[in-house]
Amino acid sequence: MKAPLSWLKKYVPVSVPVEEVARRLTMAGVEVSAIHRIGGDWDPSKVLVGYVVRVDRHPNADRLTLPTVELGNGETQTVVCGAPNVAAGQKIAFAREGAMLFSTRSGRVEPLKASKIRGVESAGMVCSVLELGLGEDHEGILVLSDDAPLGLPLIDYLGDAVLEVDVTPNRPDCLSILGVAHEVAALTGESVTEPSPDYPEQGDPIEGRVTVEIADPSLCRRYTASLIAGVKVGPSPQWMQDALTKAGLRPINNVVDVTNYVMLEYNQPLHAFDFDAVKEREIVVRQARAGERLVTLDGTARTLDPPMLVIADAQDAVGLAGVMGGAGSEVTEATTAILLESANFDPVNTRRTASALRIASEAAYRFERGIRAELAPLGLRRATQLILELTGGEAAEGIVDAYPGRTDRPPVRLSRRRLKQVLGADIEMSRAEQILASLGFERDREPEGLVDLIETVEAGPAPERTDTLWVRAPYWRSDVSMEDDLVEEVARMVGYDNLPSTMMSTPTPRHERQALREVKERVRDMLAASGMHEVISYSLTSLDALRKVEALNDGVEPLMIANPMSSQLAYLRTSLRGGILDTLARNVRSPRDGAVRIFEIGRTYHRAAESDGASLPSEKEVLTGVLSGRRFPVSWLADGDDMGFFDAKGLVEMVLDGLGVQASYEPVDDPILHPGKAARVLSGGDVVGVVGEVHPRILERFDLDDRRAAIFELDIESLGLRVPAAGARYKGGSRFPEAERDLALIVDADAPAARIRGVIERHKLVVRSEIFDVFSGGELPAGKRSLAFRVVIQSDKGTLTTDQVNRVVGDILRQLGREFGAELRTQESGAQ
């Protein structure tokens, strides 16, 4: 919202600098993000108000003229001008040589230089709106009002400051000049003088000349209209054009400019219809018919559907309620009679209509934030008054006021007890009443029967009547409905920085451990420390996206939301796989070396089984990660292999070890994983995850058929139940030396290495073991392979002898022979 200071001063005196106004507004919760200076580049000695004494023809050019301009104190200057509208007797803006102006040639502000144009010396310029930075028009010069003082610096006549106000959704009143003026008045101790809406009603009564029917009162709470005949459509006066331009709107004609001016003034959108284009003089506010067509003011033919709300005549739609008017009833230069609309439309329906049709209008922006129905007749009368003033028309007697959604807003209570409870400050009720009155709140009577109800609800005596205030919100405030809203108003005006610091009235709540959250944070830290990057994707997806990762194979349809934003975001995801593979596809070409290491921790949503008797879906916290690309950056020290199954498995092992969770791995058939390169993760006999390489068939669906990718998935909730409650504990190491033995074992080709390793480490003197070689073929029998383990043996009671180490190895070999039929291929001893 752009609020010109000159416009604000029409309603409230501003005696403090504009910087101070901006500071006070910001500290009161109405943020001023910027102050735009109009005329900040105008040198007071070089850009002046001038008077065109005469206009001569250029001797060498038919389209150029030589206006002679008087600048005051008898000084005159003749310059070359190409504007078609320059004429003797005009007050204009004149720039001397050296003035800083916008150049249409360079597109930037630069000093004006003297030049010879078609043989005539010109050391100045009669300025257009564009050159002064006041707008986009440069077809002609800027013509000032006749009362502009001759020789006055232009900055003193047209200079201004415009406040850029960032309006929050709960304060639509600050989308108006009067709304900001009320804030300024309350902060500076001044009062607001609102414009009078009175106007002469000299025409025949409007009753009987036009009828209004609201077919859907739930979408249109109030509809008011006035009728003005004998209008003459043309340009609006310069003062109105200047106001609209400074506020960021483009002037069009005097009728449309009035509707925009009053919208900015009161925050009430209006629309003017060419009354002669309204069939049978009838207005019907109804839902659009399915497939109904309407050409809007932007020239676009739009297809409408219920519950979009339209303004219709007896036959067709003539406007899109609260969004944009129709081209068929547009006000043009040929218009002589106007039906002026000022209504109140449902904010939700307005937002959905504007969003569905992709129309961004100033009217929709205001209606969808919720404005009071009381604004409608005020804006109507003010706009009617201005149209009569600018077009010379005649207003019909009375107005149409259809108000089926009339509701009286109840008064709101403010108690001294609540003020102290929320703010921690004991503020006198007289001070609170003064603040609320300055903001436009009116004191009201205490509603009958509410005192007893309050006493019952609060389980205590009602506050003293001198410590309680009942007020009614002003017509422009739609955001005040409960006591804490009033507390906020008092706090804003007192100043948040002036509220005292006080101790809490109750003890700080005891911290309650959230085991699942702690597990997630630990997992995030571990994966980030290992070089992975966290990503976040939408919880909403499509059936096609789920179908890509075979997430619909169980035959259970995922949950669909009631109001999807698009077909691509219509279903709740049952797997994170699709989202993370899509993210991989979007990023494979960005990193150096093409390496991508990403993970996501998020929820999946599953339809409750009918046998459970649950009405709500179940939600699971899942970790999914994917690796693709080179294992190491390109270097002569490292090979160029791509990451695969064992890289992903290593990350899973790192996470589980960090959490203190014991796990094992078994082969698994997964529809998206490569056969023979997939394993499920088990802990305590339960499946807690899966790891493997993505099948080329799946990669091809994501345009990744030229890459290799490994994926892992862990059930965070299941892991959380298995994390030791006591956490990690210190265990001292043995002070006696270790002994190493390398065992090469011949086992069946399908014997799991992890289970063999588990048998080895089952011995009480084995500290750890690692597999360092896998061999098959050669002299080995068919169906066999060789697995080489390095076994570390150690005692905490003494140094082990060779015989003792050999006995340990013998025990291990006998156990492996019984369980796996393992045979010793070779044995090598290490340090002891």
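Here the structure is shown first, and the text comes after it.
Keep in mind the model is a prediction, meaning the values are calculated, not measured.

Reading the values: the criteria
- Residues numbered from 1 in each chain as written.
- Predicted model: local features only at pLDDT ≥ 70, side-chain atom pairs only at ≥ 80, totals over all residues.
- Heavy atoms only, no water.
- Helix = DSSP H or I, 4+ residues; strand = E, 2+ residues; numbered from the N terminus.
- Buried < 20%, exposed > 50% of the residue type's maximum accessible area, 1.4 Å probe, protein only.
- Contact = heavy atoms within 4.5 Å.
- Areas by Shrake-Rupley, 256 points an atom, 1.4 Å probe, with all protein chains shown as cover.
- Lys, Arg positive; Asp, Glu negative; His and termini not counted.
- Charge placed at Lys NZ, Arg CZ, Asp CG, Glu CD.
- Pairing = 2+ DSSP bridges.
- Axes fitted to C-alpha atoms, helices over the stretch in contact; angles between N-to-C directions.
- Phe/Tyr/Trp six-rings, centres within 6.5 Å; stacked < 30°, edge-to-face > 60°.
- Lys NZ or Arg CZ within 6 Å of the ring centre and 35° of its normal.
- Core = buried A, V, L, I, M, F, W, Y, C linked by side-chain atoms within 4.5 Å.
- Polar contact = N/O pair within 3.5 Å; in protein donor to acceptor, adjacent residues only side chain to side chain.

Draft legend 1. Up close: the overall build of the protein. The secondary structure content of the protein amounts to 22 helices and 41 strands. Principal-axis analysis of the C-alpha atoms places the extent of the protein at approximately 120 × 85 × 60 Å. Looking at the 832 residues of the protein, the share that counts as buried comes to 46%. The long-range fraction of contacts in the protein, counting pairs at least 24 apart against all pairs at least 6 apart in sequence, stands at 71%. For the protein, the computed accessible surface area is about 42,600 Å², with 48% contributed by carbon and sulfur atoms. Charged side chains of the protein number 96 positive and 124 negative; the gap between the two group centres comes to 6 Å.

Draft legend 2. Geometry of the sheet that holds strand S1 (residues 2-4). Here we have 3 strands laid out as an open sheet, ordered S1-S13-S2, and antiparallel in their pairing. Every other strand in the sheet has two partners, leaving S1 and strand S2 (31-38) as the edge strands with one partner each. Taken pair by pair, the neighbouring strands of this sheet meet at an average axis angle of 25°, ignoring direction. Relative to strand S13 (residues 160-166), S1 is paired through 3 bridges, and the arrangement is antiparallel. Residue pairing for S13: proline 4 is matched across the bridge by valine 162. Helix-sheet contacts for helix H6 (residues 238-246) involve S1, S2 and S13, and the interaxial angle to S1 is about 140°.

Draft legend 3. Expanded view of the packing of aromatic side chains. Here the structure, examined in full by the defined rule, presents 5 aromatic pairs. Between phenylalanine 345 and phenylalanine 367 the ring centres are 5.2 Å apart and the planes differ by 70°, which places this aromatic pair in the edge-to-face class. With phenylalanine 345 in strand S23 (residues 337-345) and phenylalanine 367 in helix H9 (residues 362-367), this pair connects stretches of sequence that are 22 residues apart. With respect to burial, phenylalanine 345 and phenylalanine 367 carry one shared label: buried. Ring centres of phenylalanine 645 and phenylalanine 646 lie 5.0 Å apart, and the angle between their planes is 85°; on these two criteria the pair is classed as edge-to-face. The exposure class assigned to phenylalanine 645 is buried, which follows from its relative accessible area of 11%. An aromatic cluster of at least three residues, connected via ring pairs, comprises Trp7, Trp239 and Tyr261. Over the face of the ring belonging to phenylalanine 275 we find arginine 281, whose NZ or CZ atom lies 4.5 Å from the ring centre. Sitting over the face of the ring of tyrosine 665, lysine 649 holds its NZ or CZ atom 4.5 Å from the ring centroid.

Draft legend 4. Molecular detail of the nonpolar core. Of all hydrophobic cores here, the largest spans 109 residues; its most connected members are Leu163, Tyr223 and Leu414. The greatest single-element share of this core, amounting to 8 residues, is contributed by helix H5 (residues 177-188). When near neighbours in sequence (up to four residues on either side) are disregarded, leucine 414 contacts Leu419, Met429, Ala432, Leu436, Asp467, Thr468, Leu469, Glu483, Leu486, Val487 and Val490. Membership of the second largest hydrophobic core comes to 30 residues, among which are Met532, Leu623, Phe645 and Leu719.

Draft legend 5. Seen up close, the environment of aspartate 216. Along the chain, the position of aspartate 216 falls in the loop between strand S14 (211-214) and strand S15 (220-229). Of the residues examined, aspartate 216 reaches a relative accessible area of 13% and is grouped as buried. Residues aspartate 216 and proline 307 lie 91 residues apart in sequence; the distance between their C-alpha atoms is 9.8 Å. In this view, aspartate 216 contacts Val285 and Gln287; residues no more than four positions away in its chain are not counted. Here glutamine 287 takes part through its side chain, which lies 2.7 Å from a polar atom of the side chain of aspartate 216.

Draft legend 6. Spatial organisation of the pairing of strand S37 (residues 709-715). In terms of burial, S37 is a largely internal element, 7 of the 7 residues being buried. Inspection of the sheet shows strand S33 (residues 618-628) paired to S37 by 7 bridges, in the antiparallel sense. In the sheet register, valine 626 faces S37, and the bridge partner there is isoleucine 711. Examined bridge by bridge, strand S36 (residues 686-694) and S37 share 5 bridges and lie antiparallel to one another. Opposite glutamate 693, over in S37, you have alanine 710 as the bridge partner.

All quantities given are derived from atomic positions and should not be read as evidence of function.
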